Amino acid sequence: MFLNHSEIFSFSFKSKLQQVVKPICSIANDIGQQTIPEFNYSDLFSEAFIAKCGYRKSSLENEKELFSIIGEFYNDNIFDFDIFTAGLEIIESSNILFLDKLEKNVFFKGDAKSLNSTLISYIKKLDIDNDLIDNIDIDLIKKCLSSVSLFDNTILYNKSVSTAKNGQQKTPFIFPITILADDKIKSEQIDENRFWINRSYLSHNYGIDIKENPIFYSINDSTTGSLLGYSVDDYLIPAKSIQIEKYIKQENLSELIFSLFLNVFNKKNAVIASTSPLIEEFKKQNKNSELNKLLSYLVYNLYISDDNLALIHPDFEVFFEEVALVQNLNPYNSSSFFISKSEEKQLALGIYSTEKLDSNYNLLHWIEQDNENYIQHKPHLASTQQKKAVVKTLRPDVAFYFIRKYYEDIIEDILHSNQFDFISNFKIDISTEQEYEVDFFIKTEKKLIFMEAKTKLTQLYIEQYLVKSTNIYKVLRKFINESIDIEFIIVGSYSENLEKHYKHFIDLEVDDEYNTKREGLNTLPYKFAVPLQEIKGLSLLCIAEPEYDKLDKLIKEKCQ
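Just so it is clear, the model here is predicted, and its values are computed rather than measured.

The rules behind each value
In this numbering scheme, every chain counts its residues from 1 along its sequence in written order. This being a predicted model, a pLDDT of at least 70 is required before a residue's local features are given, and a value of 80 or more before pairs of side-chain atoms are given or counted; all residues contribute to the totals for chains, interfaces and linings. To get the side-chain values, all heavy atoms of the structure are used, and hydrogens and water are removed first. What counts as a helix is a DSSP run of H or I of at least four residues, what counts as a strand is a run of E of at least two, and both are numbered from the N terminus. The globule rule used for comparison is 2.2 Å times the number of residues to the exponent 0.38, while the radius of gyration itself is calculated over C-alpha atoms. Between buried and exposed lies partly exposed: a residue is buried under 20% and exposed over 50% of the maximum accessible area for its type, with that area taken using a 1.4 Å probe on protein chains only. Contacts are assigned to residue pairs with any non-hydrogen atoms lying within 4.5 Å of each other. Residue exposure ignores everything except the shown protein chains as possible cover, and the areas themselves are Shrake-Rupley values with a 1.4 Å probe. Patch criteria: residues need more than 30% relative accessible area and no salt bridge. Like-charged residues are merged within 9 Å; nonpolar side chains of Val, Leu, Ile, Met, Phe, Trp and Tyr are merged within 5 Å. Each reported salt bridge corresponds to a side-chain nitrogen of Lys or Arg within 4 Å of a carboxyl oxygen of Asp or Glu. One bridge is not enough; two strands pair if DSSP finds at least two bridges between them. Definition of nonpolar core: a set of buried residues of the types Ala, Val, Leu, Ile, Met, Phe, Trp, Tyr and Cys, connected through side-chain atoms within 4.5 Å. Only Phe, Tyr and Trp rings take part, Trp by its six-membered ring, and two of them pair if their centres are within 6.5 Å. Stacked means planes under 30 degrees apart, edge-to-face means over 60, and tilted covers everything else. By definition, being over a ring means that NZ of Lys or CZ of Arg is both within 6 Å of the ring centre and within 35 degrees of the ring normal.

Would you mind going over the overall build of the chain with me for this structure?
Looking only at helices and strands, the chain features 16 helices and 24 strands. For a compact globule of 560 residues, the expected C-alpha radius of gyration is about 24 Å, and the chain comes in at 35 Å, more than 25% above that figure. Summarising its shape, the C-alpha atoms of the chain cover approximately 110 × 65 × 45 Å along the three principal directions. Scored against the burial criterion, the 560 residues of the chain give a buried share of 48%. Nonlocal contacts in the chain, meaning residues at least 24 apart in sequence, comprise 67% of its contacts between residues at least 6 apart. Summed over all atoms, the accessible surface of the chain reaches about 28,800 Å², with 46% contributed by carbon and sulfur.

Could you clarify how one ought to interpret a nonpolar patch on the surface in this entry?
Taken together, the side chains of Leu347, Tyr352, Leu363 and Trp366 define a hydrophobic patch exposed on the protein surface, amounting to about 410 Å² of accessible area. Residue assignment for the nonpolar patch shows that the elements contributing at least two residues are strand S15 (347-353) and strand S16 (362-369). Checked against the element boundaries, Trp366 lands in strand S16. By relative accessible area, which is 31% here, Trp366 ends up partly exposed.

Sorry, what's going on with the sheet that holds strand S5 (residues 175-176) here?
Two orientations exist for strands paired in a sheet by backbone hydrogen bonds: parallel and antiparallel. Spatial ordering of the open sheet is given by S5-S10-S9-S8-S6, a layout of five strands whose pairing is antiparallel. At either margin of the open sheet sits one strand with a lone partner, and together these are S5 and strand S6 (185-189). Direction of pairing for S6 relative to strand S8 (residues 216-221): antiparallel, over a ladder of five bridges. Bridging across to S8, Ser187 finds its partner in Ile219.

What am I meant to see in the pattern of salt bridges here?
Note that side chains of opposite charge can pair when their charged atoms are close. For the structure on display, the rule yields 27 salt bridges. A salt bridge links Lys474 to Glu534; the shortest N-O distance between them is 2.4 Å. One end of the pair, Lys474, is in helix H14 (residues 459-476); the other, Glu534, is in the loop between strand S23 (526-531) and strand S24 (539-544), with 60 residues separating them in the sequence. Residue Glu534 is classed as exposed on the basis of its relative accessible area, which comes to 57%. Beyond isolated ion pairs, a larger network of salt bridges with shared partners links Glu513, Arg518, Glu545, Glu547 and Lys550.

Explain the nonpolar core here, please?
The nonpolar side chains of soluble globular proteins are, as a tendency, buried together. Phe2, Leu180, Phe261, Phe450, Ile462 and Leu476 are the most contacted members of the largest nonpolar core, which totals 56 residues. Counting residues per element, this core draws most heavily on H14, which supplies seven residues. Grouped together as the second largest cluster of nonpolar side chains are 49 residues, Cys25, Ile70, Ile123 and Leu126 included.

Explain unusual backbone geometry to me, please; I cannot follow it from the model alone.
Generally, phi is negative for residues other than glycine and the peptide bonds are trans, each holding for most cases. Residue Asp233 is not a glycine yet carries a positive backbone phi of 50°. Inspection of the secondary structure puts Asp233 in the loop between strand S9 (227-232) and strand S10 (235-238). Its relative accessible area of 27% is what places Asp233 among the partly exposed residues.

Please clarify how the packing of aromatic side chains should be interpreted in this entry.
Each pair of aromatic rings is reported with the distance of its centres and the angle of its planes. Applying the stated criterion across every chain yields a total of 33 aromatic pairs. On the numbers, 5.3 Å between centres and 55° between planes, the contact of Phe195 with Phe216 is tilted. A residue pair is termed long-range when its members are at least 10 positions apart, and Phe195 in strand S7 (residues 195-197) and Phe216 in strand S8 qualify at 21 residues. The class of Phe216 is buried, set by a relative accessible area of 2%. Here the aromatic cluster, defined as three or more aromatic residues joined through ring pairs, consists of Phe2, Phe258, Phe261, Phe265, Phe441, Phe450, Tyr465 and Phe488. Above the face of the Phe258 ring, Lys443 is positioned so that its terminal group lies 5.8 Å from the ring centre. The side chain of Lys454 reaches across the aromatic face of Tyr461, ending 4.4 Å from its centre.

So this is what it looks like as C-alpha cells:
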C-alpha cells in the first residue's frame, strides 16, 4: 500500500473544567468564611443546582467533593445545545470536521496542539466562569466575584482540555454512500443531538452541501454488525480503522481509488507560481499550432538559432529577445554565454574572483565586443578572438515557464475542457525511501490513467517511467483486482531521435499522423507502446505531440 499522507486524524479529548471551577469556588468559599457568620461550603449553591449536578446537599462530605462534582457537571454538558450554540462560531471556523459529543471524539485536520488550542478557545467562549458565578446562591459572594475580572484569562483555561490521537484517517474522510453495496450494510438512526458536522468546511473544501439539522445513521456490517461509519444525508463518514474496500460496489471501486489518491496517498507538491503579463500572453497562444511548431526549433529549450530566425512570426516576436551567443570559451566549454548584441568595442562581461580557486585569481576573464561577428576574450594576459552568433532567446520569465509548466498547463487545460476527473502535480510514497512524483492521475468510467508530462520525450525519460510505472502498478494490484484497467502514458511536446532505441515498437504503430516527419515541425511526432517487462500484457504509451488540437484528440481517445 502507498504511505498515508492524510492530514485528517481521529482524536479523543477530555475536558477538565475542574481547572476552571475549583479556583472560583475556592475564592467564593474564602469570601463566605470571612464575611458570613456560621457559613458552610454547602451554602454556596442551591439545592436545585446541586441536584442538577446529580447530588443532594446532605450527601456531600466536604468542599473538595462539591467542587469536583460541579466540575464534572460542566464537563458532561459542554455540548449542551444552548451552551454549544454560544461557542459554535469557534468550532465552525476551525478544522474540526466531525464531532461525536457523546464519545468526545473528533475528526480534525491538523495536529494535537492545534486541536487543543481550538477546544480551549471554544470552552472560553462558553463563559463557564460567569455561568458558575450566576449559580452561586449568596448575593454578597456573587457580587464580590462579579466585580472583578479574575477568571477570564488564559491561565485559568490553558489546562482545561487534554487530547489523545487515535490515528490517521485510512480512507477518504467523506464520500457518497451510494458506492457501498446495499446487501453488505445495514443502518440505524442515531440521536440527532449526538453528532455535529462542519457544514461550512465541507461546502468550502469538498463542495458538499449538508442540509441544516441533518439526520445521522450508524452504518454497520450486515453480517457481523461491526461499525463501518456514520451517514449524513447521502454521504458516509467512515470509522477510523475500517478497510472499506470490501464494501464497495465493483463498478464504483475506481471512485474509491481516485478518492484515496486525492485525500490519503497524496503528498502535495509546492505550487510553482508562474505568472507575469508576458507569461499570461504566452499562455493565450498555447492553442496556436504555429507557435507549437515554432517552439520545436528551440535549441536547449531556450533559443532559435541564427539560421532559423526567419521562422519567428511577427505575432510571436514579443516572446523573444535578440542577443549574441558565444560558445567554447576556455575553460567553460560546456557553457553558453548570452550577451547583448553590439557592434561597438565595449565590455560585454568581466569575471573577477576574490577567492583563489586554482593558480589564477583576481581578474580571470574580460570579454569585449569587437565587431558584428566577434568578441575579444582575454583570459589573464592572453587574448583570443571568438565568433559570436545572433540568436533569439525566449525572454527570461517565458523561458523558465516553458521548462517548468508550459506543457503541463496545456495538458491540464485539455483535461479541464473535457471535464475529466484528475489530480495533478503530487507525490506518492511506496515506502519511506521510494517517492514518486505524479504529473496527472486521471479517472474515467473504465480505467485509471497515470500520465507523465515532459517538455521533450527522450530515451532517458521513457526508461525512468517504465520503472516507475512497474512499481506503481505492483502496489495498486495488491488492493484492487483486474476489473479496473490501469494505464500509463508518457507524453512530451517535442522529442529526440527515438528510432534507434525503439524502432521495433515504432514500426508496430500504424498511424499516418505519427512516427514520420510533419511539415513545419523540427522534431518527430511519436506514438508507440513499450511493454513493461515485468507486467504481462501492460505497455507504456509514449507520445510526442506539440500541437494542442492533436494532443486534445489523443487524450480524449485515451480517456474514453
